[in-house]
Amino acid sequence: MPFLDEHPGGAKILKRFAGKNATKAFWKYHSENVLKRHGPKYEIGEVAEAAKLPQSGYCRVMIEPASCASSQHPHDELNANLFTKQHLESLDSTHHIPPRRPSSALPIVSQPTMDAHDGGILDPAAAEKRLLLRHADGYDDASASTTARNPPTLPTQAALRAAEASLAPRADPGWHARGWEGRRLVAHILGDVVPALTGQAASSRYYGFVTGGVLPAAEWADNVVSRCDQNVQVHLPGQTVATAVEDAALAMLAGLLRLESGSGSGNEVDEMTATATWRGRTFTTGATASNVLGLACGREAVLQKRLGASDSPGVGELGLLAACLRAGVSEVQVLTSAGHSSLSKAASIVGIGRACVKELRRGAGQPWRLDLDALEAELRRPGVASIIAVSAGDVNTGGFALDGVDEWRRVRELADKYGSWIHVDGAFGIFARVLGDGDEYAWLKKQLDGIELADSITVDGHKMLNVPYDCGMFYTRSASILQSVFTNPNAAYLASGSSAASIPSPLNIGLENSRRFRALPVYAALLSEGYPGFERLVANTVQLSRRVAGYLRDSPHYELLPDAGAPLDRVFMIVLFRARDAALNDVLVERINETRQMYVSGTAWGGQKAVRIAVSNWKVDVERDFKVVTAILEAVAAAETFDIERIDAQ
Ligand SMILES: *Cc1c(COP(=O)(O)O)cnc(C)c1O
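Residues numbered from 1 in each chain as written. Predicted model: local features only at pLDDT ≥ 70, side-chain atom pairs only at ≥ 80, totals over all residues. Heavy atoms only, no water.

**Some points on the site of the ligand**
Condition: It suffices for a single heavy atom of a residue to lie within 4 Å of a molecule or strand for the residue to be listed as near it. Pairing of N or O atoms within 3.5 Å defines a polar contact, subject to two protein rules: one partner must be a possible hydrogen donor and the other a possible acceptor, and residues neighboring in sequence count only if both atoms are side-chain atoms. Only DSSP runs of H or I covering at least 4 residues are called helices, and only runs of E covering at least 2 are called strands; the numbering of each starts at the N terminus.
Near the ligand lie 14 residues; those nearest to it are Thr288, Asp425, Asp460, His462 and Lys463. Between the ligand and Asp425 there is a distance of 2.6 Å, counted from a nitrogen atom to a side-chain nitrogen or oxygen. Between the ligand and His462 there is a distance of 2.6 Å, counted from an oxygen atom to a side-chain nitrogen or oxygen. With three residues, helix H13 (residues 287-307) is the largest single contributor of residues to the shell around the ligand.

**Overview of the confidence of the model for the protein**
Inclusion rule: Per-residue confidence from the predictor is reported as pLDDT, which spans 0 to 100. Throughout, a contact is declared for two residues whenever any of their heavy atoms are within 4.5 Å.
Model confidence for the protein is summarised by a mean pLDDT of 84, while 78% of its residues fall at 70 or above. Low confidence marks residues 24-31, where pLDDT is under 50. Its contacts with residues over four positions away, or in another chain, come to 27 contacts. Contacts of residues 262-268 to residues separated by more than four positions or lying in other chains number 17 contacts, the stretch itself having pLDDT below 50.

**With respect to helix H15 (residues 320-327)**
Our working definition: The cut-offs for exposure are 20% and 50% of the maximum accessible area for each residue type, with area from a 1.4 Å probe on protein chains only; residues under the lower value are buried, those over the upper are exposed, and the others partly exposed. Arc definition: directions from the helix axis to the C-beta atoms.
Listed in full, the buried residues belonging to H15 are Leu320, Ala323, Cys324 and Ala327. Buried residues of H15 fall within an arc of 100° about the axis and therefore sit on the same side. Away from the buried face of H15 by more than 90 degrees, exposed residues Leu321, Leu325 and Arg326 are located. In the core, the buried residues of H15 are packed alongside H13, helix H14 (315-318) and strand E5 (331-336). At the exit of H15 stands Gly328, carrying a positive phi of roughly 70°.

**Here's the deal with the nonpolar core**
Where we set the bar: Note on terminology: a nonpolar core comprises buried Ala, Val, Leu, Ile, Met, Phe, Trp, Tyr and Cys residues joined through side-chain atoms within 4.5 Å.
Counting 79 residues, the largest nonpolar core has Leu375, Ile457, Leu465 and Tyr475 as the members making the most contacts within it. Here the element with the most residues in this core is helix H21 (residues 519-554); it accounts for eleven residues. Look past the residues within four positions of Leu465 in its chain and what remains in contact with it is Leu215, Leu253, Leu256, Phe431, Asp460, Met473, Val522, Leu526 and Phe534. In this structure, Leu295, Leu303, Phe474 and Leu482 belong to the second largest nonpolar core, which totals 34 residues.

**Focus: the packing of helix H22 (residues 582-593) against helix H23 (residues 622-637)**
Under the convention used in this document: For helices, the fitted axis covers only the stretch in contact; all axes are lines through C-alpha atoms, and the angles between them, taken along N-to-C directions, range from 0 to 180 degrees. Throughout, the term roughly parallel applies to angles under 35 degrees, roughly antiparallel to angles over 145, roughly perpendicular to angles from 65 to 115, and oblique to all others. Rotating anticlockwise by less than a right angle from the far helix to the near helix defines a left-handed crossing, while the corresponding clockwise rotation defines a right-handed one. For this classification, the nonpolar set comprises Ala, Val, Leu, Ile, Met, Phe, Trp, Tyr, Cys and Pro, the charged set comprises Asp, Glu, Lys and Arg, and every other residue, Gly included, is treated as polar.
As a packed pair, H22 and H23 sit with axes 11 Å apart at the nearest point and diverge in direction by 135°. Taken together, the axis directions place H22 and H23 in an arrangement best described as oblique. Here H22 and H23 pass one another in a crossing that is right-handed. For the pair H22 and H23, contact is made by Leu584, Leu588, Arg591 and Ile592 and by Ile632, Leu633, Val636 and Ala637, respectively. Residue composition of the contact of H22 with H23, grouped by class: seven nonpolar, no polar and one charged.

**Side note on the packing of aromatic side chains**
Using the following cut-off: In this scheme Phe, Tyr and Trp rings, the latter by its six-membered ring, pair at centre separations within 6.5 Å, and the angle between planes marks the pair as stacked below 30 degrees, edge-to-face above 60, and tilted otherwise. The rule is short: NZ of Lys or CZ of Arg within 6 Å of the ring centre and within 35 degrees of the ring normal puts a charge over the ring.
According to the stated counting rule, one finds five aromatic pairs in the structure shown. Ring geometry for Tyr206 versus Tyr599: centroids 4.5 Å apart, planes at 10°, classification stacked. Separated by 393 residues along the polypeptide, Tyr206 in the loop between helix H9 (182-193) and helix H10 (216-228) and Tyr599 in the loop between H22 and strand E13 (601-605) bring together distant segments of the chain. Overall, the relative accessible area of 14% leaves Tyr599 in the buried class. On the numbers, 6.3 Å between centres and 25° between planes, the contact of Phe428 with Phe572 is stacked. Remark: Phe572 occurs in the loop between strand E11 (558-561) and strand E12 (574-579) and Phe428 occurs in the loop between strand E8 (421-425) and helix H19 (442-447); sequence separation between them is 144 residues. Judged on exposure class, the residue Phe428 and its partner Phe572 are both buried. Ring pairing ties together the aromatic residues Tyr206, Phe209 and Tyr599, which thus form one cluster. Directly above the ring of Trp278 sits Arg477, whose terminal nitrogen or CZ lies 4.6 Å from the centroid.

As structure tokens, then:
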């Protein structure tokens, strides 16, 4: 029996459905167009029964199918039966298109290995429709219901409890005796699990951590990746184009980030130059993994320099201990300012040690700024090898360690003089380089002017690039250092066949051997957006952040951090603040998040609690989100209940 799950707050929907043909109301959560096109096929019928589930406080609405039986396609029937309201809200409210049968007029579905019932993943017409939603006038359909327009940032506590209670093996200790039938499994995943996931992809106002969202092109390509299940570890140009796609995507991204040039602005972009400069490049699982690669390369390089002859075996061969003894090095250290926590983790993993990550902050007011005099003093210490880790985007403030090309040059000179390695953690911050030439972005872009002087760079994919988890990138000038660390030796069965291959086998330049085809969503996102698309995407996050920062600066209830007096063009896409009232500040994160229309994460600043808003989703709608965010902050300050319906009614 098909059913529709509903949150406790949705008693309304029960009333609306009871005794009526539910189809129209049901599809209202979607869009009128879809109803027109597919309505008859998805005729749902009447609400026959409503029962309260005692444990969760949920309502389970039983709906009699009207014409499902007439559907010929198994997916159609499944979807008609199992789309719950939450599913539409949290999973697909912005760009769900019901699966269509592959059209026989279109040729590419003819591969024998491709299942015709693929839910539209390999169907060109269905795929195209998904992509259209990015370039349409706006994904925000003002005629859609308030709930559809405002997918919750968080599930309800009831949904979380219900989902946990529903999980096998607790809820079904006998689950292993026999496989679940498809309908039951799908109902469980869509009805129990999905409603208990965060709305970080669905909502434009999920501002916790730095999460990004998923561009439609990237989401579709990610489904293609799962469908085709490539193992991208060995370069096998006679068998798969996957490694070439990886290499192309990395070159294109280097172009977008202007890694080849001295500035992120105005220059003729030359991806070929970038490719020649950043010969070592690979996909990772994220910025943490890229930081591991960065420190591993740095460790290899700084000890190589002290070991003398460039052909002498390095750390990868000898091990850190033996290499240090041979080179007369008593300590390897990482010098940084406001380094991301993952930098310490990376230091532990590569054998440097968390205690050897040293914070050289320029002062309490701007802790993200690197103190260059202290840096030189540390580099000069005898018997110590150093890696300089430049924070390009501090997670609390969005601040940059270095201010412009003069500082970058000085760090480069120091690194060369003392045999150090410069690794840049640009996880999200490096995306300031894609901003346009306007004065409003000049200061921001100047911070990164000189990043091309680094030896290695971390870039995150699942943040500002808005591709799905998990995805990161790593670039280094030195392909040979990368290979000397990550070479996977003596496995004849993993040889690429061509030793002179222009594209190295990924297993020799990164952590994993077997790897996901992470490049495809990046490749698709870059092609779909072009440079202007990403320029707009990042600019939107900056614009919204600055509007909110301006509001906070002028508000009697809140205090803009770290420096309310700083010009607003210093604001990137993270806004830090606290409530002036200490009691409110104590519970501010909870008060904001319980609205389920805006999600923030907490942090500490100057020894007190603070709140960060990190704007990173492609769905940002500057005007509308500003209105909602400020209304929420006003309501929280006034201890009033926030009602999103009232905003939409305005
Ligand atoms: C997010 C982030 C990381 C960690 O990245 P993951 O993708 O979560 O592994 C590292 N450094 C910075 C600056 C970050 O913002």
